[in-house]
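# Examining the three-dimensional arrangement
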Amino acid sequence: MYRGRFAPTPSGPLHFGSLTAALGSFLRARSQGGSWLLRIEDIDETRSRPEYTDLILKDLEALGLIWDEAPLIQSQRREFYRDILDTLNSRGLTYGCNCTRSLIKLNGGHHPEDCRLRNLPCHEGAGIRFRNPGNVTSFTDLIRGPLSLNDYPAEPDFLLKRRDGFFAYNLVSVADDRASGITEIVRGADLIPDTFGQIGLCQALGYPVPAYASLPLALSENGSKYSKQNHAPGLDLSSPVTLLLKAATFLGQTFPPEISGDPESLTVTEFLDYAVKHFAINSVPRSSRMVSQISES
Ligand code: GLU
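Structure report, in brief. (Residues numbered from 1 in each chain as written. Predicted model: local features only at pLDDT ≥ 70, side-chain atom pairs only at ≥ 80, totals over all residues. Heavy atoms only, no water.)

In spatial order, the strands read β1-β2-β3; together these three strands make up an open sheet with parallel pairing. The sheet terminates laterally at β1 (3-6) and β3 (72-73), the two strands that pair on one side only. Taken together, the four bridges between β1 and strand β2 (residues 35-40) define a ladder with parallel strand orientation. Along β2, the bridge assignment pairs Arg-3 with Ser-35. In the packing of helix α2 (residues 50-62) onto the sheet, contacts are made with β1 and β2, and the angle to β2 comes to roughly 160°. Contacting β1, β2 and β3, helix α6 (residues 169-179) runs over the sheet at an angle of about 145° to β2. (Pairing = 2+ DSSP bridges. Helix = DSSP H or I, 4+ residues; strand = E, 2+ residues; numbered from the N terminus. Contact = heavy atoms within 4.5 Å. Axes fitted to C-alpha atoms, helices over the stretch in contact; angles between N-to-C directions.)

Put into structure tokens, the structure is as follows:
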């Protein structure tokens, strides 16, 4: 049974980029007759705000992107992450790390390799890193085909828990995808470098490895990822079907003139029913595009 998910970080409202991730994962899950789950990635309390969680849920509902089951809220799951970290500790797959940001910067932006040789204990207050066996150097993406780590360099021994005490994204993401029984992960291509490490972590924990599909990124005028950090504007929900049409078009889906010419004559449900029925993952483009260059027809 297919189980997919959308996992926003509530550090701001949904914007066009996060909408394409929500819609892409929704259309794929529904087109497979599967479940679509929602996970609120609010583990980093320095970035997340409850009011953005409320807003994200409201926007998704207004757009007809209705999730199955109760959303998983990461800030409520610390005990669970602690247990998984303990499992990794007991298998010798972690080490403590006191490297500061400035030290890593001095080392050319890379975590110094000799840190793992020091084998510091994972005591409170230390960062904790994954002692990555490094077996995962490639995977096949459903949209992009075979991908090699050589083309997407990432820190092999990534953080599982930060020095400030927060569990890190890669740990909680892998743990929650497993807990929710996610079979396929459809998300933005910016997470391709993390995927190699996440597969390695799945293997270390004996989890089944989900399938991955990496969506094109929506870019702002200056070519950077459309994101909250770049102050991407929130969604204008006054014409919800027009917005959905724009996001689906960005994802390479095509619509007949009756729909593209007058999207607001459809309800969000009618539009989504059509989009699910005709969803073609093979038409999703590999290359990222500027939002300003999308036309709806
Ligand atoms: N929370 C991440 C984001 O908002 C997505 C993580 C994921 O899909 O694995 O970009």
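Picking up where we left off.
A separate point is helix α1 (residues 16-31). With 16 residues, α1 extends 22 Å between its outermost C-alpha atoms, agreeing within 8% with the 22 Å of an ideal straight helix rising 1.5 Å per residue. Within α1, 14 of the 16 residues are buried, which leaves the element mostly enclosed by the surrounding structure. Directly after α1, the chain includes Gly-33, whose backbone phi takes a positive value near 70°. (Expected span 1.5 Å × (residues − 1). Buried < 20%, exposed > 50% of the residue type's maximum accessible area, 1.4 Å probe, protein only.)

Quick look at the sheet that holds strand β5 (residues 127-130) now. Taken together, the three strands give an open sheet; going across it, the order is β4-β5-β8, and neighbouring strands pair in antiparallel fashion. Across the chains shown, the open sheet's two edge strands, defined by having one partner strand only, are β4 (94-97) and β8 (159-161). Direction aside, the axes of adjacent strands within the sheet are offset by 40° on average. In this sheet, β5 lies alongside β4 in antiparallel orientation, the contact comprising four bridges. Note on β5: the bridge partner recorded for Thr-94 is Phe-130. Packed onto the sheet, helix α3 (residues 78-90) meets β4, β5 and β8 and runs at close to 125° relative to β8.

Relative to each other, α6 and helix α7 (residues 192-205) sit at 55°, their axes nearing to 10 Å. When the interaxial angle is binned, α6 and α7 end up oblique. Of the two possible hands of crossing, α6 and α7 adopt the one that is right-handed. Mapping the contact onto sequence places Tyr-169, Asn-170, Leu-171, Ser-173 and Val-174 in α6 and Asp-194, Gln-198, Leu-201 and Cys-202 in α7. Classifying every residue of the contact of α6 with α7 by side-chain character gives five nonpolar, three polar and one charged. (Parallel < 35°, antiparallel > 145°, perpendicular 65-115°, else oblique. Left-handed = near helix turned anticlockwise from the far one by under 90°. Nonpolar A, V, L, I, M, F, W, Y, C, P; charged D, E, K, R; others polar.)

Right, let's get into the packing of aromatic side chains. For the structure on display, the rule yields eleven aromatic pairs. Note on Phe-6 and Trp-36: the rings are 6.3 Å apart at their centroids and 10° apart in plane angle, and the pair reads as stacked. Placement of Phe-6 in strand β1 and of Trp-36 in strand β2 is noted, with a sequence separation of 30 residues between them. What makes Trp-36 buried here is its relative accessible area of 0%. (Phe/Tyr/Trp six-rings, centres within 6.5 Å; stacked < 30°, edge-to-face > 60°.)

Turning our eyes to something else, we now look at the pattern of salt bridges. The tally for this structure, following the rule as stated, stands at 13 salt bridges. The salt bridge involving Arg-28 is made with Glu-184; its shortest N-O contact spans 2.6 Å. Of this pair, Arg-28 sits in helix α1 while Glu-184 is found in strand β9 (residues 184-188), placing the two residues 156 residues apart along the sequence. In this structure, Arg-28 and Glu-184 share a single accessibility class: buried. Asp-176 is paired through a salt bridge with Arg-77; the nearest N and O atoms lie 2.9 Å apart. Of this pair, Asp-176 sits in helix α6 while Arg-77 is found in the loop between β3 and α3, placing the two residues 99 residues apart along the sequence. (Salt bridge = Lys/Arg side-chain N within 4 Å of Asp/Glu carboxyl O.)

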